[in-house]
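Structural characterization, general
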Amino acid sequence: MELRIKITMLALVVFLGVKAQNPIIKHLFTADPAPIVYNDTLFLYTGHDVAPENAPNYLMRDWYLFSTTDMVNWKDHGAVLSPKVFSWAGEDAYAAQCIERNGKFYWYVAVGHKSDENSKGGFAIGVAVSDRPTGPFKDAIGKALIVNEMTTDVKHSWDDIDPTILIDDDGQAYMYWGNLSCRYVKLKENMIELDGPVTVIPKPQNFTEGPWIYKRNSLYYLVYAAKFPETIEYCTSTSPTGPWTYQGVIQDPVQNSTTTHAGIIDYKGKTYFFYHNGALPTGGNYRRSVCVDYMYYNPDGTIQKVVQTTEGVKPVK
Ligand code: FUB
């Protein structure tokens, strides 16, 4: 009898162990997920929290890359980019997004700026480039694409963070970003030069930070972290330049972290919603972990509330 109970418990542990996919990265703290699909592989670019337990702020010194072809087995490619690549950058490696254009991979990053002739400091947006999704990446410009002095509608020094990119069907590229103010700018085809003025979007309802832009069935989606503690909410528009219509909440606050950050992608027939929480042992606001759950659209294109699970998603072939 005792043996049978032990076997049953073991089977349960194995069963639960196999099922508990979230957080998907368990051997280090990761944040700010940004997925892309390239050549049938899903590449997941993330931030990396290294703050000690009980630290009062972020400590983020590099960006990581993971990949999968089945949504449950993740390959760790390591810290493939760090602020050291940018001679003008300080140390803070905040949210970023890598996209592919014409066989090159452009990784837009939020990073601290040293005080120099181009900026007095604060957060800036830089671009790294590589011929492969896995790097090596180098500074694509030799200076920041956006510095704090270029945006003056809000006064804090970390308002130029969290870049996200859209390449529209006509080839025009746009970058959106911001903290407490959401802006966009057109990019030239080379992806490393501005192609017009920075435009401040009339504040999307509850906007805090972390925009994620994409187009689906001719509708543009501007998804973002809202309020604080953060939820994920979204607007839609028939144009990349707006006006934006508020559509509601996609994700409620997450376990054990005041921030969350959305990265949305279709892969092998399903839509995946990446985010972070603080659910790992010793995790918290500055020791976060990337998770993934399913996301579903209604027939009219609106998005159903994401159900956050510990099981995560099922393997795909
Ligand atoms: O990871 C640092 C910052 O926290 C990001 O830039 C924000 O989006 C929030 O997740």
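Coordinates for the structure precede this section.
Residues numbered from 1 in each chain as written. Predicted model: local features only at pLDDT ≥ 70, side-chain atom pairs only at ≥ 80, totals over all residues. Heavy atoms only, no water.

**Side note on the packing of aromatic side chains**
Here a ring pair, both rings aromatic, is described through the centre-centre distance and the interplanar angle of the planes. Considering all chains together, one arrives at 20 aromatic pairs under this definition. Aromatic pair tyrosine 58 and tyrosine 286: ring centres 4.9 Å apart, planes at 90°, arrangement edge-to-face. Of this pair, tyrosine 58 sits in the loop between strand S2 (41-49) and strand S3 (60-68) while tyrosine 286 sits in the loop between strand S18 (270-277) and strand S19 (289-294), placing them 228 residues apart in sequence. Taking the relative accessible area as the measure of exposure, tyrosine 58 reaches 22% and is therefore partly exposed. Here tyrosine 286 falls in the partly exposed class, since its relative accessible area comes to 23%. On the numbers, 6.2 Å between centres and 35° between planes, the contact of tyrosine 294 with tyrosine 296 is tilted. Here the aromatic cluster, defined as three or more aromatic residues joined through ring pairs, consists of Tyr45, Trp63, Trp107 and Phe137. Directly above the ring of tyrosine 297 sits arginine 216, whose terminal nitrogen or CZ lies 3.5 Å from the centroid. (Phe/Tyr/Trp six-rings, centres within 6.5 Å; stacked < 30°, edge-to-face > 60°. Helix = DSSP H or I, 4+ residues; strand = E, 2+ residues; numbered from the N terminus. Buried < 20%, exposed > 50% of the residue type's maximum accessible area, 1.4 Å probe, protein only. Lys NZ or Arg CZ within 6 Å of the ring centre and 35° of its normal.)

**Considerations on the nonpolar core**
Among the nonpolar cores identified, the biggest contains 47 residues, and Trp107 and Val223 are the most heavily contacted of them. Ignoring any residue separated from it by four or fewer positions in sequence, one finds tryptophan 107 in contact with Tyr45, Trp63, Tyr64, Val80, Leu81, Ala96, Gln97, Cys98, Gly126, Val127, Ala128 and Phe137. Within the second largest apolar cluster, 18 residues are counted, among which are Leu44, Tyr64, Phe66 and Met71. (Core = buried A, V, L, I, M, F, W, Y, C linked by side-chain atoms within 4.5 Å. Contact = heavy atoms within 4.5 Å.)

**Some words on the pairing of strand S4 (residues 75-81)**
A regular strand places its side chains on the two faces of the sheet in alternate fashion. Strand direction decides the pairing type here: S3 and S4, joined by 4 bridges, are antiparallel. Counted as the bridge partner of phenylalanine 66 is aspartate 76 from S4. Counting the residues in the hairpin turn of S3 and S4 gives 6 residues, including methionine 71, whose phi is positive at 70°. (Pairing = 2+ DSSP bridges.)

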